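A structural walkthrough
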Amino acid sequence: FSFCSNLLEIPKFNLSSTTNTNQMFVSCASIEYIEPWDLDNEAPSVTSVNNMFNNCSNLQNVPFTSASNVTNFSSTFANTKIKSFSLPVPSAGAVTSMFSGCRYLVEVTSQFPSGITNTLNMFFRCTSLTTLQPFDTTSVSVTQSMFRETFMLKDLSSFNFSGATNMSYMFYYSHIEKLPQYLGGGNMSYMF
């Protein structure tokens with residue numbers, strides 16, 4: 001359904017034998033609501049939802065009630081209208097651009113697993129984000145543009161980015177007031 005820009009309603013598909021939902025609804029800009037799937041039980045073989053809802057610019061809900069097996073969330077919710085994200089994501093590994101451009105996103109209270117290494121653009125242009133549940137970032141090496149243009153997020157003092165080697169643009173044009181206690185090194189161009 002990629003680029004079906006006039007599509008308004010999505011029926012509840014049977015995903016029981018589905019293995020790949022990557023880019024399924026990219027740029028379906030008119031959809032406001034999708035009935036959520038319980039991926040753990042309704043689509044147990046799905047491990048990647050890469051770009052699934054990217055650019056669904058009017059989508060206001062998170063269309064999952066569970067996603068324990070999903071490892072790839074890259075750009076999944078980018079440029080949507082979701083306001084809150086609390087879905088448990090215990091297997092998430094790929095999170096680059098996961099919420100990029102989510103200008104209406106206010107809070108992310110999910111606990112991400114340890115071992116994530118790349119958070120490139122994860123919260124880029126999340127201009128309304130005020131609450132972010134701290135998670136283990138000690139393994140992250142690439143944090144490029146992670147908090148770029150986050151205007152409402154103020155305190156990151158609970159985070160540890162001591163292993164980061166690419167922090168370029170990490171806080172570029174943000175309104176962060178309290179930085180992480182530990183920061184790495186390497187490429188720090190345009191960091192602030």
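Procedures and definitions
Residues numbered from 1 in each chain as written. Predicted model: local features only at pLDDT ≥ 70, side-chain atom pairs only at ≥ 80, totals over all residues. Heavy atoms only, no water. Helix = DSSP H or I, 4+ residues; strand = E, 2+ residues; numbered from the N terminus. Rg over C-alpha atoms; globule rule 2.2 N^0.38 Å. Buried < 20%, exposed > 50% of the residue type's maximum accessible area, 1.4 Å probe, protein only. Core = buried A, V, L, I, M, F, W, Y, C linked by side-chain atoms within 4.5 Å. Contact = heavy atoms within 4.5 Å. Salt bridge = Lys/Arg side-chain N within 4 Å of Asp/Glu carboxyl O. Polar contact = N/O pair within 3.5 Å; in protein donor to acceptor, adjacent residues only side chain to side chain. Pairing = 2+ DSSP bridges.

1. Brief notes about the overall build of the protein
- Helices and strands together make up the secondary structure of the protein, namely one helix and seven strands.
- Of the regular secondary structure in the protein, the N- to C-terminal order runs β-α-β-β-β-β-β-β.
- In summary, the protein has a C-alpha radius of gyration of 16 Å against a globular reference of 16 Å for 192 residues, a match within 12%.
- In terms of its C-alpha atoms, the protein occupies a principal-axis envelope of roughly 45 × 30 × 25 Å.
- Within the span of the protein, comprising 192 residues, buried residues form 47% of the whole.

2. Thoughts on the nonpolar core
- Residues Phe25, Phe77, Phe99, Phe112, Phe123 and Phe147 are the most contacted members of the largest nonpolar core, which totals 54 residues.
- Phe147 has contacts with Phe123, Leu132, Leu153, Leu156, Phe161, Met170, Phe171 and Ser174, leaving out every residue within four places of it along the chain.

3. Let's talk about the pattern of salt bridges
- Here the structure, examined in full by the defined rule, presents four salt bridges.
- One salt bridge connects Lys12 with Glu42, and the closest N-O pair in it is separated by 3.3 Å. Of this pair, Lys12 sits in the segment before β1 (37–38) while Glu42 is found in helix α1 (residues 39–42), placing the two residues 30 residues apart along the sequence.
- In this structure Glu42 comes out as partly exposed when scored by relative accessible area, which is 27%.
- For Glu149, the salt bridge is made with Arg148, and the minimal N-O distance between the two is 3.9 Å.
- Because the salt bridges share partners, they merge into one network encompassing Lys12, Glu35 and Glu42.

4. As for the side chain of Ser74
- Looking at the secondary structure, you find Ser74 in the loop between β2 (64–66) and β3 (84–85).
- Using a relative accessible area of 11% as the deciding quantity, one classes Ser74 as buried.
- A distance of 3.1 Å separates the side chain of Ser74 from the side chain of Thr96, its partner in a polar contact.
- Excluding its chain neighbours within four sequence positions, the residues that come into contact with Ser74 are Asn50, Asn51, Ala94, Val95 and Thr96.

5. Re the environment of Asn166
- With respect to the helices and strands, the residue Asn166 is situated in the loop between β6 (160–161) and β7 (182–183).
- Its relative accessible area of 17% is what places Asn166 among the buried residues.
- In this structure, the C-alpha to C-alpha distance between Asn166 and Ser68, residues 98 residues apart in sequence, is 29 Å.
- If we ignore the near neighbours within four places in the chain, the residues touching Asn166 are Ser141, Val142, Thr143, Gln144, Gly185 and Asn187.
- At 3.3 Å, the side chain of Asn166 forms a polar contact with the side chain of Gln144.

6. Let's talk about the sheet that holds strand β4 (residues 107–108)
- With parallel pairing, three strands are arranged side by side in an open sheet as β3-β4-β5. Edge strands, defined here as strands with exactly one partner in the open sheet, are β3 and β5 (131–132).
- Sheet analysis places β3 next to β4, joined by two bridges and oriented parallel. Looking at the pairing, Phe85 lines up with Val108 of β4.

7. Section: unusual backbone geometry
- For Asn51, which is not a glycine, the phi torsion comes out positive at approximately 60°.
- With respect to the element layout, Asn51 can be found in the loop between α1 and β2.
- Of note, Tyr173 is a non-glycine position whose phi angle comes to about 55°, a positive value.
- Inspection of the secondary structure puts Tyr173 in the loop between β6 and β7.
- The class for Tyr173 is exposed, based on a relative accessible area of 54%.

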